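# Coordinate inspection notes
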2 protein chains.
Amino acid sequence: MAAKNREGGSQPTINDVARIAGVSKKTVSRVINGSPLLNEDTRKRVQEVIRELGYVPNPQARALALRRNFLIGLVHDNPNAQTVLKVQQGILEAIRDTEFELVVRPVDRGMVNMLDDIRQFLERQRLFGVVLMPPISENDSLAELCRQIGCRYVRMGSAELDDPTNMVASNDREAVRDAIRYLIGEGHRRIGFVSGPHGFRSALERRLGFEEALEEADLKLPRSMVADGNYTFESGLLAAERLLDLSPRPTAIFASNDEMATGVLQAARRRGMDVPRDLSIVGFDDTPIASHIWPPLTTVRWPIATMARSAALKLTVSVTEGEQEVDEPSMFLSTLIRRGSVAAPPHN
Amino acid sequence: MAAKNREGGSQPTINDVARIAGVSKKTVSRVINGSPLLNEDTRKRVQEVIRELGYVPNPQARALALRRNFLIGLVHDNPNAQTVLKVQQGILEAIRDTEFELVVRPVDRGMVNMLDDIRQFLERQRLFGVVLMPPISENDSLAELCRQIGCRYVRMGSAELDDPTNMVASNDREAVRDAIRYLIGEGHRRIGFVSGPHGFRSALERRLGFEEALEEADLKLPRSMVADGNYTFESGLLAAERLLDLSPRPTAIFASNDEMATGVLQAARRRGMDVPRDLSIVGFDDTPIASHIWPPLTTVRWPIATMARSAALKLTVSVTEGEQEVDEPSMFLSTLIRRGSVAAPPHN
DNA sequence: TTGTAGGCGTTATCAC
DNA sequence: GTGATAACGCCTACAA
């Protein structure tokens with residue numbers, strides 16, 4: 001009963017191919033995995049049979065034998081829907097037409113045993129690799145965990161968190177510095193800043209960019225010009241209300257992401273202020289909403305999808321492209337997009 | 001060499017449990033799968049060992065033996081990021097703390113061999129089940145395909161697309177009818193409609209709701225009051241420009257989703273119109289943007305996340321809850337959320 | 001260059 | 001109730 005003559009609707013197995021091609025399973029296996037030591041004729045014959053049968057290796061069996069699944073995990077605790085989706089799109093683009101699939105795994109950063117949870121996930125599913133999204137990607141223990149259990153990983157972040165093979169980053173600090181320089185260039189001297197949440201590296205980097213630009217220009221601003229936010233619309237709105245209550249109030253506000261910038265815009269509107277006449281606003285991300293609100297938002301375009309695509313390629317390229325190791329870049333530049341929400345300050 | 005004394009960091013297997021508990025593999029297997037015919041003492045003893053060892057069954061081996069993976073697929077071709085992400089969240093909520101994982105699979109509806117592509121995906125990964133998102137969920141051949149290859153499925157849609165076990169739906173038509181009734185009740189007589197793309201059931205249902213409400217109220221509107229859109233911001237903007245060029249122009253516009261409604265708002269603004277004084281706007285979805293723009297958008301809340309959660313439960317509940325088959329509902333009601341974008345029409 | 005034997009960790013069959 | 005034994009479909013090691 002070794003060689004059954006597979007009937008019925010089930011898919012062909014390596015045995016079917018071997019039997020029909022008149023070779024052993026192992027030879028078929030070699031063809032599949034592109035082993036170099038193979039008679040050219042044999043290879044062709046086997047490949048022909050594979051094509052005829054429409055044979056495709058069974059991923060479950062492979063996963064069991066290799067102790068490794070062809071699944072890419074996306075681990076994240078990012079609150080921003082747009083960002084998460086862009087990252088997914090980037091990864092999916094990278095693994096399109098490959099044998100890889102994407103498994104999504106949101107985690108709860110508040111949970112005490114979050115790391116255990118992730119470990120379980122990685123170990124049980126035996127993922128081929130994981131893409132770690134910010135802010136959880138900034139957690140060094142998590143990276144260490146991946147290394148320990150032998151799971152490839154790429155961390156996405158707003159700074160160089162790891163060595164280039166395990167990381168893709170954007171230059172948030174510089175990008176924000178440029179944005180603030182631009183505001184200063186337009187004549188603004190009182191610039192408010194709405195920060196991201198404590199503990200986010202992106203929040204820190206953007207804040208540092210802000211401060212660097214001020215220093216460059218010898219602008220000293222009171223601490224009150226910095227208001228805490230947490231990347232949500234509401235927090236942006238509240239922060240702006242605090243900022244706009246100041247006297248003198250800022251003539252421009254930089255919000256550390258677009259969602260908060262939208263909140264700032266809302267706050268201004270509620271006071272009957274006109275943007276950009278009475279207040280200039282700059283955001284960060286260039287999410288769709290940035291160009292869909294009025295006035296369209298001047299913002300920093302963050303190439304998050306590209307970064308994600310590159311992250312996935314770093315994970316998988318050695319498999320799909322042989323060992324040629326096309327060097328994926330690990331640094332991606334954010335750029336300022338000028339739209340309608342910035343103007344020269346009112347001269348009062 | 002049958003029973004190795006597992007050392008090193010690898011995870012315990014069913015063999016370890018069996019050896020330590022002094023039973024056979026099969027007995028352990030029975031405990032895991034909750035077989036009814038088992039001595040209570042044996043069960044307890046085995047469970048104790050499982051707990052001590054922290055044993056967890058290997059999903060790859062299971063998948064191979066069962067010819068079925070514990071993966072839930074999400075197949076979609078939906079262009080709206082918010083919607084896709086909400087659906088993911090709903091599914092993830094449903095499978096949280098279960099052995100299931102979520103695999104995301106966007107497809108290209110334009111592709112000629114899309115169905116083959118999906119078939120390959122389902123057959124190769126041997127998914128436990130799939131959630132089909134609109135608009136591709138409306139494709140009957142796809143459902144037929146799932147049935148053929150024995151893959152459970154649940155279709156999400158804006159109407160009853162299938163029998164209740166294989167479907168979750170919302171009552172878009174009624175919901176839009178209510179929304180239009182509301183506009184009429186506020187005094188509007190010239191109501192513009194921005195439709196969704198041709199071929200989307202949701203677009204059709206929303207359109208029918210619009211027409212039913214008009215008929216009820218004996219309102220006859222010229223065809224020109226209906227403008228085609230495709231669920232994007234830009235299409236909403238263009239459609240609104242056409243509508244606002246009419247003479248007399250509409251005093252209210254219903255857009256078939258929030259993104260287009262935002263485009264309508266933008267178009268109005270560009271003409272210096274005040275919303276809602278000069279134009280009332282109603283959207284559909286209640287995405288975050290609806291409450292983040294000014295004025296906040298009156299819209300229909302579409303319980304898409306809840307629907308997705310329910311869809312995933314329909315797929316998995318028989319496994320996680322034994323056979324009790326908690327009846328998940330298959331119809332979910334959309335409701336009108338009144339915010340600031342609607343007022344009585346200007347009396348000119 | 002190719003084949004044989006055995007293992008990956010689970011479930012199914014069918015005796016006892 | 002429980003346990004050998006054989007799948008499941010692939011891969012690795014070693015032999016030929």
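Parameters and conventions
Sequence order sets the numbering: in each chain, residues are counted from 1 along the sequence as written. Numbering of ligands from 1 and lettering of chains from A proceed in the order in which they are written. Selection of residues for local features in this predicted model requires a pLDDT of at least 70, selection of side-chain atom pairs for listing and counting requires 80 or more, and totals for whole chains, interfaces and linings are taken over all residues. The side-chain figures draw on all heavy atoms in the structure; neither hydrogens nor water molecules are used. Numbering goes from the N terminus for both helices and strands, where a helix is a DSSP run of H or I of at least four residues and a strand is a run of E of at least two. We compute the radius of gyration from the C-alpha atoms alone; for a globule the expected value is 2.2 Å times N to the 0.38, where N is the number of residues. Relative accessibility thresholds used throughout: buried, under 20% of the residue-type maximum; exposed, over 50%; partly exposed, between the two (1.4 Å probe, protein chains only). In this description, contact between two residues means that some pair of their heavy atoms is separated by no more than 4.5 Å. Accessible surface area values rest on a Shrake-Rupley calculation with a 1.4 Å probe, where residue burial reflects the displayed protein chains alone. Under the counting rule used here, the positive set is Lys and Arg, the negative set is Asp and Glu, and His together with the chain ends is not counted. A single reference atom marks each charge: NZ on Lys, CZ on Arg, CG on Asp, CD on Glu. UniProt positions are given in the numbering used here, feature names are shortened, and annotations may be inferred rather than shown by experiment. Cavities and pockets are defined on a 1 Å grid built over the protein atoms alone: a cavity is a set of grid points where a 1.4 Å probe fits but cannot escape, while a pocket is an open set with protein on both sides within 12 Å along at least five of seven lines, and lining residues are those with an atom within 4 Å of any such point. Grid points are joined across faces, edges and corners, and a volume is the space filled by probe spheres set on the points. In this count, Pro and Cys sit with the nonpolar residues alongside Ala, Val, Leu, Ile, Met, Phe, Trp and Tyr, while Asp, Glu, Lys and Arg are called charged and the others, Gly among them, polar. Only buried Ala, Val, Leu, Ile, Met, Phe, Trp, Tyr and Cys residues count toward a nonpolar core, and they belong to the same one when joined by side-chain atoms within 4.5 Å. The criterion for strand pairing is that DSSP finds at least two bridges linking the strands in question. The angle between two axes is taken between their N-to-C directions and runs from 0 to 180 degrees, where each axis is a line fitted to C-alpha atoms and a helix contributes only its stretch in contact. The copies were overlaid by least squares, fitting only the C-alpha atoms of residues that reach a pLDDT of 70 or more in each copy. Only Phe, Tyr and Trp rings are paired, with Trp represented by its six-membered ring, and only when their centres lie within 6.5 Å; those with planes under 30 degrees apart are stacked, over 60 edge-to-face, the remainder tilted. With respect to orientation, any angle under 35 degrees is reported as roughly parallel, any angle over 145 as roughly antiparallel, any angle of 65 to 115 as roughly perpendicular, and every other angle as oblique. Under the convention used throughout, the expected extent of a helix is 1.5 Å for every residue step, that is, one less than its residue count. By convention in these notes, a residue is near a molecule or strand provided one of its non-hydrogen atoms lies within 4 Å of it. A 3.5 Å cut-off defines polar contacts: any pair of N or O atoms within that distance qualifies, except that in protein one atom must be a possible hydrogen donor and the other a possible acceptor, and neighbouring residues in sequence count only when both atoms are side-chain atoms.

As annotated in an unreviewed UniProt entry, chain A is LacI family DNA-binding transcriptional regulator from Stakelama flava.

### Focus: the overall build of chain A
Helix and strand counts for chain A come out as 13 helices and 12 strands. In terms of overall size, chain A is more extended than a compact globule, its C-alpha atoms giving a radius of gyration of 26 Å where 348 residues would be expected to give roughly 20 Å. Its C-alpha atoms give chain A principal-axis dimensions of about 90 × 40 × 35 Å. Looking at chain A residue by residue over its 348 residues, the buried ones come to 55%. Of the contacts made within chain A by residues no fewer than 6 positions apart, 70% connect residues no fewer than 24 positions apart. Carbon and sulfur atoms make up 48% of the accessible area of chain A, which amounts to about 15400 Å² in all. If the 44 positive side-chain charges of chain A are averaged to one point and the 46 negative ones to another, these points end up 3 Å apart.

### Considering the UniProt feature "domain: HTH lacI-type" (unreviewed entry) in chain A
The UniProt record annotates "domain: HTH lacI-type" (unreviewed entry) at residues 12–66 of chain A. Within the segment residues 12–66 of chain A, helix and strand shares are 69% and 0% respectively, and the terminal C-alpha atoms sit 20 Å apart.

### Thoughts on empty space enclosed by the protein
A complete count under the given rule lists seven cavities of 30 Å³ or more for this structure. In this structure, the largest cavity spans a volume of roughly 150 Å³. As for the largest cavity, its lining consists of 13 residues, of which Asn78(B), Ser202(B), Arg206(B), Tyr231(B) and Trp302(B) are closest to the centre. Tallied by class, residues from the lining of the largest cavity come to six nonpolar, five polar and two charged. The volume enclosed by the second largest cavity comes to roughly 130 Å³. If you trace the second largest cavity, you find 13 residues lining it, with Asn78(A), Thr83(A), Ser202(A), Tyr231(A) and Trp302(A) closest to the centre. Tallied by class, residues from the lining of the second largest cavity come to six nonpolar, five polar and two charged.

### Some points on the nonpolar core
General note: in soluble globular proteins, nonpolar side chains tend to be found buried as a group. Ranked by size, the top nonpolar core spans 98 residues in total, and within it Ile91(A), Met156(A), Ile180(A), Ile91(B), Met156(B) and Ile180(B) carry the most contacts. The residues touching Ile91(B), leaving out its near neighbours within four places in the chain, are Ile72(B), Leu74(B), Leu102(B), Val131(B), Ala308(B), Arg309(B) and Ala312(B). Ranked by size, the runner-up nonpolar core spans 54 residues in total, among them Ala203(A), Ile253(A), Met260(A) and Phe233(B).

### Considering the sheet that holds strand β6 (residues 191–194) of chain B
Sheets are built from strands paired through backbone hydrogen bonds, the pairs being either parallel or antiparallel. Residue and element names in this part refer to chain B. Strands sit in the order β7-β6-β8-β9-β10-β12 across an open sheet of six strands; the sheet is mixed. This sheet does not close on itself; its edge strands, each paired only once, are β7 (226–227) and β12 (335–337). Here strand β10 (residues 298–301) runs beside β12; their pairing, made up of three bridges, is antiparallel. The residue of β12 that forms the bridge with Val 300 is Leu 336. Along the sheet, helix α11 (residues 258–270) contacts β6, β8 (252–255), β9 (280–285) and β10; its crossing angle with β9, the most-contacted strand, is approximately 160°.

### Considerations on the relation of the copies chain A and chain B
With an axial shift of 0.0 Å and an RMSD of 0.1 Å, the rotation relating chain A to chain B amounts to 180°. The relationship between the two copies is best expressed as a two-fold rotation axis. Scanning chain A for the C-alpha nearest the rotation axis identifies Val103(A), at a separation of 2.3 Å. When the interface residues of chain A are mapped onto chain B, 98% of them again lie at the interface, so the same face is used by both copies.

### As for the side chain of Gln88(A)
Counting through the fold element by element, Gln88(A) comes out in helix α5 (residues 81–95). You can call Gln88(A) buried: its relative accessible area is 2%.

### Side note on the packing of aromatic side chains
All names here are of chain B. Within this structure, the stated rule accounts for 14 aromatic pairs over all chains. Aromatic pair Phe 193 and Phe 210: ring centres 4.5 Å apart, planes at 25°, arrangement stacked. Highlighted residues: Phe 193 in strand β6 and Phe 210 in helix α9 (residues 201–216), separated in sequence by 17 residues. Here Phe 210 falls in the buried class, since its relative accessible area comes to 3%.

### Quick notes on the packing of helix α1 (residues 14–21) of chain B against helix α2 (residues 25–32) of chain B
Relative orientation and spacing of two packed helices are given, respectively, by the angle between their axes and the distance between those axes. All names here are of chain B. The contact between α1 and α2 brings their axes to 8 Å, and the two run at 105°. Classed by the angle they form, the pair α1 and α2 counts as roughly perpendicular. Of the residues in α2, those in contact with Ile 14, Asn 15, Val 17 and Ala 18 of α1 are Lys 25, Val 28, Ser 29 and Ile 32. Looking at side-chain class alone, the contact of α1 with α2 contains five nonpolar, two polar and one charged residues.

### Here's the deal with helix α11 (residues 258–270) of chain A
All names here are of chain A. With 13 residues, α11 ought to run about 18 Å at 1.5 Å a step, and its terminal C-alpha atoms sit 18 Å apart, in line with that. Along α11, 10 of the 13 residues are buried, which leaves the element largely enclosed by surrounding structure. Buried within α11 we find Asp 258, Met 260, Ala 261, Thr 262, Gly 263, Val 264, Leu 265, Gln 266, Ala 267 and Ala 268. Immediately beyond the C-terminal end of α11, within one or two residues, lies Gly 272, with a positive phi of roughly 75°.

### A closer look at the protein's contact with DNA strand D
Near DNA strand D lie 27 residues; those nearest to it are Ile14(A), Lys26(A), Tyr55(A), Thr27(B) and Thr42(B). The separation between a phosphate oxygen of DNA strand D and a polar side-chain atom of Tyr55(A) is 2.6 Å. With five residues, the single largest contributor to the surface near DNA strand D is helix α4 (residues 59–66) of chain A. In terms of residue class, the surface near DNA strand D is made up of 12 nonpolar, eight polar and seven charged.

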